[in-house]
Amino acid sequence: MVVEKVVLAYSGGLDTSCILKWLLEQHYEVICVMADVGQKEDFEAARQKALKIGAKQVVVADVKQSFVQHYIWPAIQMGLIYEERYLLGTSLARPCISVALVEAAREHGAKYLAHGATGKGNDQVRFELSAYALQPDLKIIAPWRDVEFCRRFQGRLDLITYAKAHDIEVTAKPSTPWSTDANILHISYESGVLEDPNTVAPSSLYELTLHPLTQAPQTSTRVCIHFEHGLPTTVKDVASGREYNTPLDMLTFLNELGGKYGIGRIDIVENRYVGLKSRGVYETPGGTILYAAHQDLEVFSLDREVLRTKQLLRDRMSDYVYNGFWFSPEALYVRRCIELAEEQVTGQVTIELSPGYCRAIARKANDSAGALYNKQLVSMDEHGGYVPQDAGGFIAINAVRIREHVRAFGAYSTDK
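Only a predicted model underlies this, so the values are computations on that prediction, with no experimental measurement involved.

A. Unusual backbone geometry, seen in detail. Of note, His 27 is a non-glycine position whose phi angle comes to about 70 degrees, a positive value. Positive phi values are uncommon outside glycine, yet Glu 83 reaches one of about 50 degrees. Note that Glu 83 resides in the loop between α3 (64-78) and α4 (89-108).

Following this line, the structure appears as structure tokens:
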């Protein structure tokens, strides 16, 4: 009998450890691929765990640098945010991880790619669309869509029982069975007690950030962030004067500082691509600071209508990334359009960090990017070439439509 090879996206957690054992029961030869996207993980312990369960080989792919430079930094440049709140920490990691999975499949001659994404979630779409874009002939094994697997396992509690029966060490317990996904941009928490949107997340849940009211410093601090064409190039700690110049160093520093101040916590209900609403808790300290700085510099640097158009494209691109279409013709097109607008977004922003939030307090653009801000023209102390009398005609023209509406339908009522 020919034993088929399968590459498994392995995290070392409950789901993929049990899926590894299940794949072995189905007589596959399993090559586990662990992608190091900056999560705090004992990769050697996870490797030994997978080998103990029965994996043929365990590959640890260090893709941190690529993740920050080729996925997170473009997301900052584009200002990506899903449904006005979620900075796409998990969504951005999936195409990066998929590249490592496909490379391993090619190297080992595997025809199959397996993952532990739930059949109700977004990650199944993200992994599989990315895989098909990179290698269309790969075959997918998705246990949480397999009839026999789903009949055997209803959810995480069944997996915990299965793991105990097969001497598989797991950290999840029935009392705290939420699912965690971490990388250098964020940590996400979902399922278990979090499935009730009206249940307050336990304070013990948070791993990246301190409580802003009880643990964070009560005095503010400042950082200065430089951008070139919308991409962060330097982060300066104003208090110490120290500068960070590589994407990995910048994000690591901002994560530590933002986490210390309890910045980047959100607790939301979002719309999954598959049609369900889900509750998620996220921590994104460094990404939140970078987003705030970039947004401020954009408004300062861009023409008003270019900014409005760019925001429309940003929302479309955010949907593409959330829904798994990082590798798609539409995403490539929109990204290039946004990059054209970002040519003007060069300068620096000073951000003040206080317990639980951050805000821009000063900004400076280079000569060309800052040219649209005309201090003389906007000044309240001189006319500066602006003719106030012209505003009367501007208002009159805009009032034509309002007056016509009143003529046709009557005056607006002031009654509530």
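B. How the structure looks around the nonpolar core. Among the nonpolar cores identified, the biggest contains 75 residues, and Ile 225 and Ile 351 are the most heavily contacted of them. In terms of residues, this core owes the most to one element, α4, which gives nine residues.

C. Examining the packing of aromatic side chains more closely. This structure, assessed with the given rule, holds 13 aromatic pairs. An angle of 85 degrees between the planes, with centres 5.1 Å apart, marks the rings of Trp 22 and Phe 149 as edge-to-face. With Trp 22 in helix α1 (residues 14-25) and Phe 149 in helix α6 (residues 147-152), this pair connects stretches of sequence that are 127 residues apart. An identical accessibility class is assigned to Trp 22 and Phe 149; each is buried. Feature note: the residues Trp 22, Trp 144, Phe 149, Phe 153 and Tyr 162 constitute an aromatic cluster, connected by ring pairs. The lysine or arginine in question, Arg 126, covers the ring of Tyr 322, its NZ or CZ lying 4.8 Å from the ring centre. Lying across the ring of Tyr 206, Arg 265 places its NZ or CZ 3.7 Å from the centre.

D. Examining the sheet that holds strand β5 (residues 139-141) more closely. What the five strands build is an open sheet, ordered β3-β2-β1-β4-β5; its pairing is parallel. The open sheet terminates on both sides in strands that have one partner only, identified here as β3 (57-62) and β5. Neighbouring strand axes in the sheet, compared pairwise and without regard to direction, differ in orientation by 25 degrees on average. Across six bridges, the pairing between strand β2 (residues 29-36) and β3 is parallel. Residue pairing for β3: Val 33 is matched across the bridge by Val 59.

Conventions adopted
- Residues numbered from 1 in each chain as written.
- Predicted model: local features only at pLDDT ≥ 70, side-chain atom pairs only at ≥ 80, totals over all residues.
- Heavy atoms only, no water.
- Helix = DSSP H or I, 4+ residues; strand = E, 2+ residues; numbered from the N terminus.
- Core = buried A, V, L, I, M, F, W, Y, C linked by side-chain atoms within 4.5 Å.
- Buried < 20%, exposed > 50% of the residue type's maximum accessible area, 1.4 Å probe, protein only.
- Phe/Tyr/Trp six-rings, centres within 6.5 Å; stacked < 30°, edge-to-face > 60°.
- Lys NZ or Arg CZ within 6 Å of the ring centre and 35° of its normal.
- Pairing = 2+ DSSP bridges.
- Axes fitted to C-alpha atoms, helices over the stretch in contact; angles between N-to-C directions.

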